[in-house]
Amino acid sequence: METTLDKAQVGHEVKIQKVGGSSAIRLRLMHMGIVKGATVRVERVAPLGDPVEITVRGYQLAIRKKEAALIEITENEPQQHEHTRAQ
Amino acid sequence: MNPSNTNIPELNNRNTPPEQSTADHQTAVTPQASDAGCEQPRYRIAVSGNPNAGKTSVFNALTGGNQTVGNYPGVTVEKKEGSVTWDGDLLHFVDLPGTYSLTAYSMDEIAARDYVIEEQPDVVIQVVDAANLERNLYLTTQLLELEAPMVLALNMVDVARSHGTRIDAEKLEAQLGIPVVKTIGNRRKGIGELLAAAKNTATRRRRGENIGKDICFDRELEGHISALSGKLSAEDLAPHAASRWTAIKLLEEDDEVQKDLKKRSARFQELEETRKKSAHDIEEIYGDDPPAVFAMQRYEMCARIAEASTSVVGGDIRTLTDRIDSVVCHRIVGMITVIACIYALFKAVFFFSEDFAWVPFWHGEFVWQTPKEVVALLFEDWLPMLFSHMSDGALKSLIQDGVLAGVGGVMEFAPLIFIMFFFLAILEDSGYIARIAFVMDRALYTFGLQGKSIVALIVSGGIAGGCAVPGVMATRTLREENDRLTTMLVTPFMNCGAKMPVYAILIGAFFSAYKGEMLLFLILLSWSLALLAALILRKTVIKGEQTPFVMEMPPYHRPDLRSVLYTAGSRCWLYVKKAGTIILGVNVVMWAIMYFPQQEKKQFFNERRHAAEEMIQQAELPMEHLSLFSGENLPQTRSYLTECSRILRNSSSLSQAEKRIMKEAGGKNNRYRLAKNLLLDSYKEKTDDSSLENFHNEMGKNAPLQISKPYQGFRKRMYELDEKAAAHQLKHSIAGVAGRAITPVTELAGFEWKTNIALIGGFAAKEIIVSTLGSAYSLSAANPPGTYKENGKSSDSRLVQRIRADWSPLQAFTLMIFVMIYAPCVVTITVLGREAGHWKWALFSTGYNTLLAFCLAVLVYQTGSALGIGI
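Read on for a plain summary of the structure. Computed from a predicted model, the values in this text were never measured in an experiment.

Once that is clear, we can look at the overall build of chain B. Of regular secondary structure, chain B possesses 39 helices and 14 strands. A buried classification covers 56% of the 871 residues belonging to chain B. At a minimum sequence separation of 6, the contacts of chain B that also span at least 24 residues come to 74%. As presented, chain B carries roughly 37000 Å² of accessible surface, and 57% of it is formed by carbon and sulfur atoms.

This next bit is on a positive patch on the surface. All names here are of chain B. A surface patch of like charges, here positive, comprises Arg 646, Arg 649, Arg 660 and Lys 663. Broken down by secondary-structure element, the contributors of at least two residues to the positive patch are α26 (634-649) and α27 (654-665). Looking at where Arg 660 falls in the secondary structure, it is placed in helix α27. Given the relative accessible area of 35%, Arg 660 is considered partly exposed.

Moving on, we come to the sheet that holds strand β3 (residues 67-71) of chain B. Residues and elements named next belong to chain B. With mixed pairing, the seven strands of this open sheet are ordered in space as β3-β4-β5-β2-β6-β7-β9. Both edges of this open sheet fall to β3 and β9 (180-182), since each of them pairs with a single strand only. Averaged over all adjacent pairs, the angle separating strand axes in this sheet is 25°, with direction ignored. Sheet analysis places strand β4 (residues 78-86) next to strand β5 (residues 89-95), joined by seven bridges and oriented antiparallel. Looking across to β5, one finds that Ser 83 is bridged to His 92. Packed on one face of the sheet, helix α4 (residues 133-145) meets β2 (43-49), β6 (123-129) and β7 (150-155) and runs near 165° to β6. Of the strands in this sheet, β2, β4, β5, β6, β7 and β9 are in contact with helix α7 (residues 191-206), which crosses β7 at around 165°.

This part is about the interface of chain B and chain A. The partner chain A presents 37 residues to the 54 residues of chain B that form the contact. Summed over the three residues of chain B that lose the most area to chain A, namely B:Tyr105, B:Phe438 and B:Val550, the buried surface amounts to 15% of that side. Along the contact surface separating chain B from chain A lie seven salt bridges. Across the salt bridge formed by A:Arg44 and B:Asp322, the nearest N and O atoms sit 3.3 Å from each other. Taken together, chain B and chain A are joined by 13 residue pairs in polar contact (both at pLDDT 80 or more). When residues of the side of chain B that touches chain A are traced back to their parent elements, those giving at least two are α4, α12 (290-309), α13 (320-328), α17 (432-445) and β14 (550-552) of chain B. If one sorts the elements of the side of chain B that touches chain A by residue count, α12(B) sits on top with seven residues. Broken down by class, the residue content of the side of chain B that touches chain A amounts to 26 nonpolar, 12 polar and 16 charged. The sheet contact formed by strand β5 (residues 59-63) of chain A and β14(B) spans three bridges and is antiparallel. For A:Ala62, the partnering residue across the bridge sits in β14(B) and is B:Met551.

Attention now goes to the packing of aromatic side chains. Overall, the coordinates contain 20 aromatic pairs over all chains when judged by the stated rule. The interplanar angle of 15° and the centroid separation of 4.2 Å between the aromatic rings of B:Tyr138 and B:Tyr299 together place this pair among those described as stacked. With B:Tyr138 in helix α4 and B:Tyr299 in helix α12, the pair connects residues that are 161 residues apart, well separated along the chain. Considered together, B:Tyr138 and B:Tyr299 belong to a single accessibility category, that of buried residues. Grouped by ring-pair contacts, the aromatic residues B:Phe351, B:Phe352, B:Phe356, B:Phe422 and B:Phe423 constitute a single cluster. Above the plane of the ring of A:Tyr59 lies B:Arg135, whose end atom (NZ or CZ) is 4.1 Å from the centre. The positively charged end of B:Arg435 is found above the aromatic ring belonging to B:Tyr556, 4.2 Å away from the centroid.

By the definition in use, this model includes 39 salt bridges over all chains. Where A:Arg44 meets A:Glu53, a salt bridge forms, and the shortest distance between an N and an O atom there is 2.9 Å. A:Arg44 sits in the buried class, given a relative accessible area of 10%. On the basis of relative accessibility, which here comes to 0%, the residue A:Glu53 falls in the buried class. Among the ionic pairs, B:Lys259 bridges to B:Glu256, the shortest N-O distance being 3.6 Å. Highlighted residues: B:Lys259 and B:Glu256, both in helix α10 (residues 255-264), separated by three residues, approximately one helical turn. Within this structure, A:Arg44, A:Glu53, B:Asp322, B:Asp325 and B:Arg435 form a network of salt bridges that share partners.

What follows covers the packing of helix α22 (residues 515-539) of chain B against helix α37 (residues 809-821) of chain B. When two helices pack together, their arrangement is given by the angle between the helix axes and the distance between those axes. Residue and element names in this part refer to chain B. Axis separation between α22 and α37 bottoms out at 11 Å; the angle between their running directions is 40°. Relative to α37, the element α22 is oriented oblique. Seen along the crossing, α22 lies across α37 with a hand that is right-handed. Between α22, through Met 518, Phe 521, Leu 522, Leu 525, Ser 526 and Leu 529, and α37, the contact on the second element is made entirely by Phe 813, Met 816, Ile 817, Met 820 and Ile 821. Residue composition of the contact of α22 with α37, by class: 10 nonpolar, one polar and no charged.

Once that is clear, we can look at the pairing of strand β4 (residues 52-56) of chain A. Residues and elements named next belong to chain A. For β4, a buried count of five out of five residues is recorded, marking the element as mostly surrounded by other parts of the structure. On β4, burial covers both faces: Val 52, Ile 54 and Val 56 on one face and Glu 53 and Thr 55 on the other are all buried. Here strand β3 (residues 39-45) folds back onto β4, and the loop between the two strands holds six residues, one of which, Gly 49, carries a positive phi near 95°. With five bridges joining them, β4 and β5 adopt antiparallel strand pairing. Within β5, the position partnered with Thr 55 by the bridge is Gln 60.

On to unusual backbone geometry, then. Peptide bonds are, in most cases, trans, and in most cases residues other than glycine have a negative phi. With an omega dihedral of -5°, the bond running from A:Asp50 to A:Pro51 counts as a cis peptide bond. Along the chain, A:Pro51 turns up in the loop between β3 and β4. Omega for the peptide link from B:Phe596 to B:Pro597 comes to -15°, which places this bond in the cis form. Summarising the element assignment, B:Pro597 is placed in the loop between α23 (561-595) and α24 (602-618). Its identity as a non-glycine residue notwithstanding, B:Gln120 has a phi of 45°, on the positive side. Position of B:Gln120 relative to the elements: it lies in the loop between α3 (107-119) and β6. Residue B:Gln120 is classed as buried on the basis of its relative accessible area of 17%. Positive phi is not limited to glycine here, since B:Glu147 has a value of about 60°.

Residues and elements named next belong to chain B. Looking at the secondary structure, you find Ile 417 in helix α16 (residues 394-430). Each C-alpha atom, one on Ile 417 and one on Val 349, is 8.7 Å from the other, the two residues being 68 residues apart in sequence. With sequence-adjacent residues up to four places away left out, Ile 417 is seen in contact with Val 469, Pro 470, Met 473, Cys 572 and Tyr 575.

Before going further, it helps to examine the sheet that holds strand β1 (residues 2-4) of chain A. Strands belonging to one sheet form pairs held by backbone hydrogen bonds; the direction of such a pair is parallel or antiparallel. Taken in spatial order, the seven strands make up an open sheet running β1(A)-β6(A)-β2(A)-β3(A)-β4(A)-β5(A)-β14(B), and their pairing is antiparallel. Among the strands making up the open sheet, the edge pair consists of β1 of chain A together with β14 of chain B. If you compare each strand with its neighbour and ignore which way they point, the axes differ by 40° on average. Packed onto the sheet, helix α1 (residues 23-31) of chain A meets β2 (13-19), β5 and β6 (71-75) of chain A together with β14 of chain B and runs at close to 140° relative to β2(A).

As a further point, take the environment of B:Val328. Mapped onto the secondary structure, B:Val328 falls in helix α13. Residue contacts for B:Val328: discarding those within four places in its chain leaves B:Gly334, B:Thr337, B:Tyr432, B:Arg435, B:Val439 and B:Tyr556.

What follows is about α10(B). Residues and elements named next belong to chain B. Residues Val 257, Gln 258 and Leu 261 constitute the buried set of α10. Down the axis, α10 shows its buried residues gathered within 100° of arc, on one side only. In α10, those exposed residues whose orientation departs by more than 90 degrees from the buried face are Lys 259, Lys 262 and Lys 263. In this structure, the buried residues of α10 make contact with α3, α9 (243-251) and α11 (268-286). You can read the cap of α10 off the contacts: a side-chain oxygen lies 3.1 Å from the backbone nitrogen of Glu 256, and it is on Asp 254.

Residues and elements named next belong to chain A. Take Thr 4: it is sitting in strand β1. A residue is classified by how much of its surface remains accessible, and Thr 4, at 14% relative accessible area, is buried. Within the structure, Thr 4 has its side chain in polar contact with the side chain of Asp 6 (distance 2.6 Å). For Thr 4, the contacting residues outside a window of four places in its chain are Ala 68, Ala 69, Ile 71, Glu 72 and Ile 73.

Rules used throughout
Residues numbered from 1 in each chain as written. Chains lettered and ligands numbered in written order. Predicted model: local features only at pLDDT ≥ 70, side-chain atom pairs only at ≥ 80, totals over all residues. Heavy atoms only, no water. Helix = DSSP H or I, 4+ residues; strand = E, 2+ residues; numbered from the N terminus. Buried < 20%, exposed > 50% of the residue type's maximum accessible area, 1.4 Å probe, protein only. Contact = heavy atoms within 4.5 Å. Areas by Shrake-Rupley, 256 points an atom, 1.4 Å probe, with all protein chains shown as cover. Patch = residues over 30% accessible without salt bridge, like charges linked within 9 Å, V, L, I, M, F, W, Y side chains within 5 Å. Salt bridge = Lys/Arg side-chain N within 4 Å of Asp/Glu carboxyl O. Lys, Arg positive; Asp, Glu negative; His and termini not counted. Charge placed at Lys NZ, Arg CZ, Asp CG, Glu CD. Pairing = 2+ DSSP bridges. Axes fitted to C-alpha atoms, helices over the stretch in contact; angles between N-to-C directions. Buried area = accessible area lost by both parts, 1.4 Å probe. Polar contact = N/O pair within 3.5 Å; in protein donor to acceptor, adjacent residues only side chain to side chain. Nonpolar A, V, L, I, M, F, W, Y, C, P; charged D, E, K, R; others polar. Phe/Tyr/Trp six-rings, centres within 6.5 Å; stacked < 30°, edge-to-face > 60°. Lys NZ or Arg CZ within 6 Å of the ring centre and 35° of its normal. Parallel < 35°, antiparallel > 145°, perpendicular 65-115°, else oblique. Left-handed = near helix turned anticlockwise from the far one by under 90°. Arc of directions from axis to C-beta.

Spelled out as structure tokens, the structure:
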């Protein structure tokens, strides 16, 4: 199922398809490891609904939904027991 | 999808370059000039790393306590340096800013890579978080592209191991071609090995050996890289920059490198053509633009290296960090925790610097003092005392009221800044500050700020009574430049502790029935204005895309006390050193505009004489007493009277007192005798020789002035005349003239010249608004050296009475709003200019705040007047 990262549900593991947005934003995201093919897991949403915390490349990252909406993903089935957290 | 995607990027040994000879970009390595005097460091070592990789603790462990803090040239990026002699060699360390990458998108990253290219350090140590190897290696690949002679400090191996990750340093070493040393920075483990590896690498580098492997992309990209780098001639390159790195950066569309090339090369157009062609090809093949392809291939490489050198021994663990986060990021509990935590930070900062006496101090006797009191004692009591024997005049006033008050004004903030950074560093080091940002971000993001801004706003006085100076400095935790600048510019709206006395006086005078409501209103108003201003600034002055908020949520860990103290200490010192001189200068200027031109004192001498004559007649004293009160004799008479009353208080009988006074009189003139009689005669009327002690016990310490009518009248009269003289001086000083000159304008907001002077004074420090206002109203001298304090009546309550008589509630209300918003004090402005990296921001802050304050004040005053509210 193709969608964007801001719509992914907490606990779901997704695969990055494309990073959009202006070059500054894209580069920033990509240098943090959000590149095509990377696996990302949505950990939690902040109390006020934004930003979201994700796990990528074994570490945790908070990004705003506005930026998450620029990241195209395909959603895998939820994998409750496969924690990718390195910490 | 694409055939060429099967080309896996790989690392190639630099000694066997894949295609194009790498020899040309290695030739830049020349031994450092060795005209070294004994102070010239033998090796220069840069320390780099991701944020949260434990770089600070490794740097501290490497340098010991020997470090200085400054800024990288032209930018506000903090630069720490330290030297240490190890194994007979002087090693000089430079702490590069913590970065995830080396792009041209942030000042930190540019500063880091420029240092590596331009300064050509002998070794670059990268501190790597062992528990987070893959992402940390991303920076490694870029440092290798820069052809920096690297050593990897594999840090926090203990944490990694506790999470079940074991890293094989030798395998890592083999893959990267650089030495890898395991360290635990906060326990100072592995530091000796790290130093040895660094020194060894430096020696090898100086022998001309290549260190590290070339990081190679897939065949397709490498083809484009060598095509472009082959066209780059020596004059196209920045000094020391390698052609391969330049080619990669050009393909990655790096702004800085592109700009540099345009400046440098006559063949820019031709090279640009080549680049465009490559970019086009790359996009065609990968379906993505070159920056994305480069990033992706680098990460592929990092993943491969990390995987090959890591063995996972533990199982699946839901870690402590995750468990804590499920509580502190919880919908309700999370909000409460954050607010409680910031409130506690705020309370703790002001508690330890202003309320809690925890510093041992010698002040006649051994006492516990608060840091603020210690500074006040030093600069208001002790040091001025050293100059108290100087004769009155411009020099004495300059030293006491200009320089010492200025230095005191600077130092007053030092404990505050130290303690604020102490707690802030704990929050930062533990990882909790990222959670504050996470929880609060949504609320502030709407206004062009971000989650971490909240800390700066609260410290500045978001809860009434903070200080914008540490507030502005607290924005150092914000990594996004625009967010940081916006936050900085709105912190002065908050109600800092120095605005409180103004509110207290005005609320006390006019709104005492609604004290709480009024204060709450002011707090809410300052928040609304700050947020609104942020929003507007973001749309106008600080344009540009809001930087994406991409923030690592590091795992929690126990703060390293030593690192925390270093951070607090060094930032505090930076403030004193850099801001201090400017603030001192402005204080001296402020002193001068209130001191000059000095007014002729003659008319006050005459008035005094007049007053003295009246008094002598009333008290039926012999006319010879008049000489006591003639203008030039006054100061001496005062000291005589003070001395006599002191002796009287300390004597057991009148005759003893008289004897002692006479003994003191040796060498003193006739007026001393008169002054003595003035007091003794009143005593003799009230008491006899034997009961002096009882008399004093009954009358208390102030006996001499209570019984001596003429003395009492004299003191009161002289005090009033002093106030009058000070008011006269102030009125005709440069500040006074300016204050009166702008009255036609300020009257629109209901401010008269006295208010204007006070507001001009408040520019130096908001604390002095009230005292200057008092001076202007002839209520007490601005800085009374040896003035007699009136008994029982504080000048504040007299000021309240005068203001109540003179002003309307509307004027008072307008003034409160103006004081809340107008130009921040000199200290804040100076710190703001420094932190923002350009003095234009200091000017801007002064200007826009004052303008806004004035417009709002006029609006309120005129509306109020028109509607007849509070006149």
